[in-house]
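Fold and geometry: a report
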Amino acid sequence: MKDQNCIFCKIANGEIPSTTLYEDEDFRVILDMGPATRGHALLLPKEHYANLFELDDKLAAKALVTAKKVAARMKDALGADGFNLVQNNGEAAGQTVFHFHMHLIPRYENDGAGISWTPGSATPEEMAEVKRLVDEK
Ligand code: 5GP
Ligand code: ZN
């Protein structure tokens, strides 16, 4: 299914032009218009799924295999020193476009891209509580 009002549906299906690094029957990989680093790309399914939890299982598996293949090519071609795969779900997690996508972000020594968090702390009791809640589901 496509969503008429979704910009990534239009880009993934070629209705809106994009700089495409890879395409097959299920996915398109495009350059991000606001890149964190040189070569920052987005993997988009051609069908509309709002986020990871809606994504079809077979496509979820293929998404990672496809990201791996394209990321390896990009890393070589661009001379990247490292690589981040980032995938946001929900506003609280920084998702701004509600069509599943995976960020493919080449990393370079001292590139300054702020893809990190400040480590917090968790007591053994808090960790046990988290485990209990997840185990119950
Ligand atoms: P999110 O924050 O939802 O994980 O990521 C959305 C990403 O999509 C952002 O990195 C943003 O720069 C990119 N983006 C949003 N609209 C467009 C667009 O129309 N074209 C392209 N190429 N990238 C877009
Ligand atoms: Zn869509």
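This structure is a prediction, so every number in the text was calculated from the model and none was measured.

1. What about the coordination of the zinc ion (ligand 2)?
Coordination sphere of the zinc ion (ligand 2), protein contribution only: C6 (SG), C9 (SG), H48 (ND1) and H99 (ND1), at 2.0 to 2.3 Å. Classification of the site at the zinc ion (ligand 2) as tetrahedral follows from its four donor atoms and the range of 104 to 117° in their angles at the metal. Mapped onto the sequence, the residues coordinating the zinc ion (ligand 2) show the spacing C-x2-C-x38-H-x50-H.

2. Observations regarding the pattern of salt bridges
With the rule as written, the count across this model stands at ten salt bridges. As a salt-bridge pair, E23 and K46 come within 2.7 Å of each other at their nearest N and O atoms. You can see E23 sitting in strand β1 (residues 20-23) and its partner K46 sitting in the loop between β3 (41-45) and α2 (57-78), a full 23 residues away along the chain. The class of E23 is partly exposed, set by a relative accessible area of 43%. Members of the salt-bridge network, linked through shared partners, are D24, E25, D26 and K62.

3. Quick notes on a nonpolar patch on the surface
A cluster of nonpolar residues, V130, L133 and V134, forms a patch on the protein surface that exposes about 270 Å² of accessible area. Along the chain, V134 turns up in helix α3 (residues 124-136). A relative accessible area of 56% means that V134 is categorised as exposed.

4. Some remarks on the side chain of Q95
If you trace the backbone, Q95 turns up in the loop between β4 (82-86) and β5 (102-107). Among the residues examined, Q95 registers a relative accessible area of 3% and is labelled buried. There is a polar contact of 2.7 Å between the side chain of Q95 and the backbone nitrogen of G90. A polar atom in the side chain of Q95 sits 3.0 Å from the backbone oxygen of V97.

5. Some points on the sheet that holds strand β2 (residues 27-31)
Here we have five strands laid out as an open sheet, ordered β1-β2-β3-β5-β4, and antiparallel in their pairing. Strands at the two margins of the open sheet, each flanked by one partner only, are β1 and β4. Within this sheet the neighbouring strands show an average axis-to-axis angle of 20°, counted without direction. Taken together, the five bridges between β2 and β3 define a ladder with antiparallel strand orientation. Considered in β3, the bridge of V29 is made with L43.

6. Some remarks on the environment of A67
Note that A67 resides in helix α2. Residue classification places A67 among the buried positions, given a relative accessible area of 0%. Distance from A67 to L42, taken between C-alpha atoms, is 9.2 Å for residues 25 residues apart in sequence. If we ignore the near neighbours within four places in the chain, the residues touching A67 are L43, L85, M102 and L104.

7. Remarks on α2
Note: α-helices contain 3.6 residues per turn, so residues at a spacing of three or four share the same orientation. Along its 22 residues, α2 runs 31 Å from first to last C-alpha, staying within 8% of the 32 Å computed at 1.5 Å per residue. For α2, the set of buried residues is L59, A63, T66, A67, V70, A71 and M74. Down the axis of α2, the buried set is contained in an arc of 140°. They therefore lie on one face. For α2, exposure combined with an orientation more than 90 degrees from the buried face picks out D57, K58, V65, K68, R73 and D76. Turning to α2, the residues buried within the fold contact β1, β2, β3, β4 and β5.

Parameters and conventions
Residues numbered from 1 in each chain as written. Chains lettered and ligands numbered in written order. Predicted model: local features only at pLDDT ≥ 70, side-chain atom pairs only at ≥ 80, totals over all residues. Heavy atoms only, no water. Donors = N, O, S within 2.8 Å, 3.2 Å for Na, K, Ca; no water. Tetrahedral: all angles 85-135°; square planar, octahedral: opposite > 155°, others 65-115°. Salt bridge = Lys/Arg side-chain N within 4 Å of Asp/Glu carboxyl O. Helix = DSSP H or I, 4+ residues; strand = E, 2+ residues; numbered from the N terminus. Buried < 20%, exposed > 50% of the residue type's maximum accessible area, 1.4 Å probe, protein only. Patch = residues over 30% accessible without salt bridge, like charges linked within 9 Å, V, L, I, M, F, W, Y side chains within 5 Å. Areas by Shrake-Rupley, 256 points an atom, 1.4 Å probe, with all protein chains shown as cover. Polar contact = N/O pair within 3.5 Å; in protein donor to acceptor, adjacent residues only side chain to side chain. Pairing = 2+ DSSP bridges. Axes fitted to C-alpha atoms, helices over the stretch in contact; angles between N-to-C directions. Contact = heavy atoms within 4.5 Å. Expected span 1.5 Å × (residues − 1). Arc of directions from axis to C-beta.

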